[in-house]
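# Chain and residue survey
If you want the building blocks of each chain, they are given just below.
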There are 2 protein chains.
Amino acid sequence: MKHALSVTREQDFAAWYQAVISEADMAEESGVRGCMVIRPWGYGIWERMQKLLDERIKATGHENCYFPLFIPLSYFEKEAEHVDGFAKEMAVVTHHRLIQKDGRLVPDPEAKLEEPLVVRPTSETVIGAAFSRWVQSWRDLPVLINQWANVVRWEMRTRMFLRTAEFLWQEGHTAHATVDEAMEETMKMLEVYRSFAEECVALPVIAGEKPENERFPGAVATYSIEAMMQDGKALQAGTSHFLGTTFSQAQNIKFQNAEGQQELAQTTSWGVSTRMIGGLIMVHGDDDGLRVPPRVAPYQVVVVPMLRDNDEDAAILAYCGDLVTELNKLDVFREPVRALLDRRPAKAANKRWGWVKKGAPIVIEVGGRDVAGGNVSVIRRDRLYREDGKLDSQIVAKGDFLGAATGMLEEIQQALFADAQARLLGNIDKSITSLDGLKAYFGASKKPGWALVQWGKPTGTALDKVVEWLKGEKLTLRNIPSDADAADGVCVFTGEKAVERVLVGRSY
Amino acid sequence: MKHALSVTREQDFAAWYQAVISEADMAEESGVRGCMVIRPWGYGIWERMQKLLDERIKATGHENCYFPLFIPLSYFEKEAEHVDGFAKEMAVVTHHRLIQKDGRLVPDPEAKLEEPLVVRPTSETVIGAAFSRWVQSWRDLPVLINQWANVVRWEMRTRMFLRTAEFLWQEGHTAHATVDEAMEETMKMLEVYRSFAEECVALPVIAGEKPENERFPGAVATYSIEAMMQDGKALQAGTSHFLGTTFSQAQNIKFQNAEGQQELAQTTSWGVSTRMIGGLIMVHGDDDGLRVPPRVAPYQVVVVPMLRDNDEDAAILAYCGDLVTELNKLDVFREPVRALLDRRPAKAANKRWGWVKKGAPIVIEVGGRDVAGGNVSVIRRDRLYREDGKLDSQIVAKGDFLGAATGMLEEIQQALFADAQARLLGNIDKSITSLDGLKAYFGASKKPGWALVQWGKPTGTALDKVVEWLKGEKLTLRNIPSDADAADGVCVFTGEKAVERVLVGRSY
Ligand SMILES: [Zn+2]
Ligand SMILES: [Zn+2]
C-alpha cells in the first residue's frame, strides 16, 4: 500500500520521525545550533497541552509565577550535586555589550560581567532563593507555585522535540512543613501527569519511582511517567521529584514551626516539557504522518472545499462556511469544537493530504455534488483506509454528520488511547528471570518492548554494576511501577532475594 | 484621610509606585541583576492580558510559533541600523560549560563558542531568516505569525515592569507582497492594541505615528499607543512597525511575484509587553494600592469569611462556599466570573485590606450576622470610601448581590476607564503656539500632562535641534495622533508652516 510519507516506520524509524515533523509542518531547524523553530501546527499542539495541563495544575492549588532566565553562578555553587548534574551543559552569559571590531561584532571586553550568569537549565536554585524570602513561619507553608518557561541545556546531539538546547516546559516548585506533605505533593503531581498524559494526550504511561541512578541531581526520590514508543523504546514524559531538604539547605528555606523552633522546609519540583510532543508523534504517528488526539488538536475538524474556479465555488464556500459555524457551536470534552475552513489557494487533494499528514482528527471534503445532495465527505484520521486499501471517505448527510461529529471526536480520542494502551501492555514481558533471558529478549527483535523484572534494589556500587551491565546491552532502568505486583522471587541481576519489580528497556 | 499605603501619589509618585507593587504582592527584586520575580498576582494579571490579546491576535489571522532564544552574531551584522539600536545592551553567551577552578565555578575555556550567541532583544533577525525559508512565491504570502516570549535588553537603571533586563512580551512578525498590505497590517495591529488597551485594560490611549527620531531601529515607520500616567508622564504601551524591506534585504526574504519576477517582501513587527502592567498600576492605582479592571483581574470577586474560631465558623464557610459557587456560574464579559473564597488562616480585617491593596474589584465580607440575615457586605474597589471618609461597605441581601454582581463588574470596568479617559483628555493642552508657552506649561506644575502642538515635521538635523531643545526641558515627542485635527498654523519650533500636530510630554 502506498502511504503519504516517503519513509515508513518499519524502514527507518528515526527518518520516519523526522519526516512526520517536517511533513506535518511542526518544526524545523532554526540555523541556531541545537535550537528549533516550532511552527504553528507544532506550537498549536503545545498550546493545547499547556491549557489542559495548566487547568489541572491550578485545580490542585498551584499559582503561576515567573522567575529570572539568568541564574548567578554563586547560586549553583551552593548545591554540589546539582552542579555536577548540570554544570556540564549550560549556556553562560559573560558579557552585556557588543562592539564593532575590524568590521565584526564582538563581545565588548569592557562589558565583562563580574559574575557570569547561567541561562537556567532548571530553576530550583533561583526559586529556592525566593522561597527563603517568602517563608518565615509554618503559616507561610505550603508554597505551591509553577512557571511556564524556556530552559537551556547544552546538548551535543540534538533531536527535534526530544533533545534540543532550548526547550519549553512547566516547572512546579513547592515547599512544605513536613516530609509527609511534600511526599503527598510529589505523588499528587505524578498522578496529575499520568491522568493528563492518558486523558488528554491519549498517551498510556507507566508511573513509578526512578531507581537511584536515574534521580534528578539533588533529589531524594524521583518519579516518572514512562511511555512506550512504536519502536519499543521508552520515553520519560514527565518527572516529579521529592527534594527533601537539599535545596532548602542550600538556599536557606527555613521556617519557625508551631513550637517556635527553626526547621528546614521540605521541597518538591516537577516538570513536563515539549518533549511530550515527541512522544505524541512516536506513539500516534503512522506511515501517513501524524495523528493528533482530538483533545490536543489545534483543529479537530478541517473542512476542505473542492473548488473548480467556476460558478459553483461561491455556493460550496457558503455551504462550508455554514458547516464550520455549526461545528464551532458544538461542545466536546467540555470545550467548543475547533473547526477550520481551509480557504487557501491550493488544490483540494493537496490540502486533504496536507491535513492527513498533520493528523487533523476529521477532514471533511465538500464538492459541488455534496452541496447538491446536502452531503459531506468524511475522512477519519484514525481509520484512513478501507479493507481494500482505498481511502475511506464516507458520504454522509450534513445534518447526520453534525449530529455525530462530537461523538466521533470522542471515539477517535478513545481509539488512539486504546491502540496505544494495547501496544504498551502487550509489549511488557514479565516472565524474564535471568540475564540470559534479558539478553535473548532484547536481542530477538528490532522493537523488543520492555521487560518487567524482579530485583533486589541494589544501591551504590552494586547498582553501578547493574547499570554497567545494562549499558553494555544498550538498556536502562526505567522505573519501579507503582502498581506492580509485590516481588516473590530473586533478583535477576544478583540472584539475591528480590524486593520489587523494575522496568528495563531501551530509551530516548 | 488615612490610606492603606504608607506613601501617597502626591508625596512621592516613584515611591508610591514601588509600594503598590510590593503591597499588592505583584513582583519583587530577584537578586539577579535587573531581573524581577513576577509573583502570582502580577503574573495572573499578565495571564489575563495574554489571553485577551491572544484572542485578538488570532482573530486577525495570526498563528503562534516559537523561535530560538539565541541569535548568532552574524544575524545581527547583516542589519547595521538594527545593530546600532541594540548592540549596546545585549546579553552575550560565550561559553557552553562550567568547570570547577579553585573551588569556584568558572566558564570552561575549552568550551568557548566559535560564534557568540546573543540572548534575543527582539526577533526580527531570526524570524526573518525563517521567513526567507518559508517564502518563495506570492502564494506563500502573507505570512502572519506571533510569539509569546521572554527577551533581554541590558539596562543600567531598572524599574519593575517598566524597564527590566528580562521582560515578557508578544512579538508579531508578518511578511507581505506589497507596501499597501504591510501598511494595512501595521495599522490593523495598532488598532488591535488600542482596542485591547482601552476595552480590556481600561487604559485610554492616543494612537499615532512616532516621529523619525523615535522609530524602531530599522523601521520605515513606527506607530504607538501612548497612555498618560497619574503623574502626567507618558508611557508607550505598544508599538507597531512598518519595516519596509529593511529586514527582507538583510535576511533575503524574496518571492516570485505573479509576473514571475523576484521581489523583496514587505515586513512588519509589533509588540506589547509586561510594561503595560506598569501602565495599569500608574493609571488605576490609588493611595490604597492597586485597582485592577475586572476584565484583567485574576479574581474579580473575593469572598472573605469573618471567622471567630467558634461554632459559627462552619456555617459561615458553607455560606461563603455557596456564594462563590453561584458567582462562578455567572458570565461577565462573555467569560465565567472569577470568584475566590479566601480561606487562609489570617485575620479577616488583614485579608480585607490585603485584597484592597491588590485591587480585587469587589471584596465581600461575611460574618455570623450576615449569614443569619441572608446578607453579604460588599466593598467596591472603585468606590472605597463614603462621603464622610469611612470605608463604604454595603450590607446587601445575598440574592440581590448575586443578581447585581455582573452588572457591578461591568460598571467598575467602565468607571475605571471613564476616570482615566477624563484625566487623559483633560490634560492635553492644545493651545500652545510658542516655545515660551511650552516652557511655561511644563514648568507650571509638577504633573503637567501633555501638549499637542503644531509642527513642520522637520527631519534630519532640523529634527535633531528640536529634540535637543526638548531634552533640555526633559521633554520628548510622543506621537502624531492619528485622529488629530489638520494643521492650520505655524510650527511651534521653527515658525514655519505647520504640517501636522505632535504630542509633547515627559515620559517613562
Ligand atoms: Zn503500509
Ligand atoms: Zn487621600
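Scroll up to find the structure.
This text gives an overview of the structure that appears in the document. All of these numbers come straight from a predicted model, not from anything done at the bench.

### Topic: the packing of helix α1 (residues 13-23) of chain A against helix α8 (residues 275-284) of chain A
Angle between the axes and distance between the axes: these two values describe a pair of packed helices. Residue and element names in this part refer to chain A. The contact between α1 and α8 brings their axes to 11 Å, and the two run at 110 degrees. For the element pair α1 / α8, the angle class is roughly perpendicular. Between α1 and α8 the crossing geometry is right-handed. When α1 is examined against α8, the residues Phe13, Trp16, Tyr17, Val20 and Ile21 are found in contact with a partner set consisting of Gly278, Ile281 and Met282. Within the contact of α1 with α8, the residues separate by chemical class into seven nonpolar, one polar and no charged.

### Remarks on the interface of chain B and chain A
Facing the 63 residues of chain B at the interface are 63 residues of chain A. Here chain B and chain A share an interface that buries about 5400 Å² over both sides, 63% of which is from carbon and sulfur atoms. One can count six salt bridges joining chain B with chain A. Within the side of chain B that touches chain A, the residues separate by chemical class into 39 nonpolar, nine polar and 15 charged. Two elements, strand β5 (residues 92-95) of chain A and strand β5 (residues 92-95) of chain B, share three bridges in a ladder whose sense is antiparallel. Across the sheet, the residue bridging to Val93 of chain A is Val93 of chain B, located in β5 of chain B.

### Regarding the sheet that holds strand β17 (residues 301-305) of chain B
Residues and elements named next belong to chain B. Strand order in the open sheet formed by five strands is β20-β17-β21-β22-β23, with mixed pairing between adjacent strands. Edge strands, defined here as strands with exactly one partner in the open sheet, are β20 (339-341) and β23 (393-397). Sheet twist, expressed as the average angle between the axes of neighbouring strands with direction ignored, equals 25 degrees. Direction of pairing for strand β21 (residues 362-366) relative to strand β22 (residues 375-380): antiparallel, over a ladder of four bridges. Each residue of the ladder has a partner; that of Glu365, found in β22, is Ser377. Contacts between helix α12 (residues 398-426) and the sheet are confined to β17, β21, β22 and β23, with β22 contributing the most and set at about 10 degrees to the helix.

### Examining the nonpolar core
Phe70 and Val119 of chain A together with Phe70 and Val119 of chain B are the most contacted members of the largest nonpolar core, which has 92 residues in total. With residues up to four places along the chain from it excluded, the contact list for Phe70 of chain B reads Val32, Cys35, Ala91, Val119, Val152 and Trp154 of chain A together with Val93, Leu117, Val118 and Val119 of chain B. The next biggest cluster of nonpolar side chains, apart from the first, holds 73 residues, and it includes Val7, Ala297, Ala360 and Ile379 of chain A.

### What to know about the relation of the copies chain B and chain A
Structural alignment of chain B on chain A gives an RMSD of 0.0 Å, achieved by rotating through 180 degrees and translating 0.0 Å along the axis. These values place the two chain copies in the arrangement generated by a two-fold rotation axis. Measuring from the rotation axis to each C-alpha of chain B, the shortest distance belongs to Val93 of chain B, at 2.1 Å. When the interface residues of chain B are mapped onto chain A, 100% of them again lie at the interface, so the same face is used by both copies.

### Some details on the pairing of β5 of chain B
Looking at chain direction, β5 of chain B and strand β8 (residues 112-119) of chain B are connected through three bridges and run antiparallel. Looking across to β8 of chain B, one finds that Val92 of chain B is bridged to Val118 of chain B.

The rules behind the values
Sequence positions are assigned chain by chain, starting from 1 and proceeding in written order. Think of it this way: whatever chain is written first is A, whatever ligand is written first is 1, and the rest follow in order. Side-chain atom pairs in this predicted model are given and counted only at pLDDT of 80 or more, local residue features only at pLDDT of at least 70, and totals for whole chains, interfaces and linings cover all residues. Each side-chain value is derived from all of the structure's non-hydrogen atoms; neither hydrogens nor water enter the calculation. Each axis is a line fitted through C-alpha atoms, taken for helices only over the stretch in contact, and angles between the N-to-C directions span 0 to 180 degrees. The secondary structure listing takes helices from DSSP runs of H or I that are at least 4 residues long and strands from runs of E that are at least 2 residues long, numbered from the N terminus. An angle below 35 degrees is treated as roughly parallel, one above 145 as roughly antiparallel, one from 65 to 115 as roughly perpendicular, and anything else as oblique. By convention, the crossing between two helices is left-handed when the near helix turns anticlockwise from the far helix through less than a right angle, and right-handed when the turn is clockwise. It only takes one pair of heavy atoms within 4.5 Å for two residues to be counted as in contact. Asp, Glu, Lys and Arg are counted as charged, while Ala, Val, Leu, Ile, Met, Phe, Trp, Tyr, Cys and Pro are counted as nonpolar; the rest, among them Gly, fall into the polar class. By buried area we mean the combined loss of accessible area, with a 1.4 Å probe, across both parts when two parts are placed together. What makes a salt bridge here is a side-chain nitrogen of Lys or Arg within 4 Å of a carboxyl oxygen of Asp or Glu, nothing more. The rule for pairing is simple: two strands pair if DSSP sees at least two bridges between them. Definition of nonpolar core: a set of buried residues of the types Ala, Val, Leu, Ile, Met, Phe, Trp, Tyr and Cys, connected through side-chain atoms within 4.5 Å. Here the term buried applies to any residue with accessible area under 20% of the maximum for its type, exposed to any over 50%, and partly exposed to those in between, with areas from a 1.4 Å probe on protein chains only. Copy-to-copy alignment: least squares on C-alpha atoms, limited to residues at pLDDT 70 or above in both.

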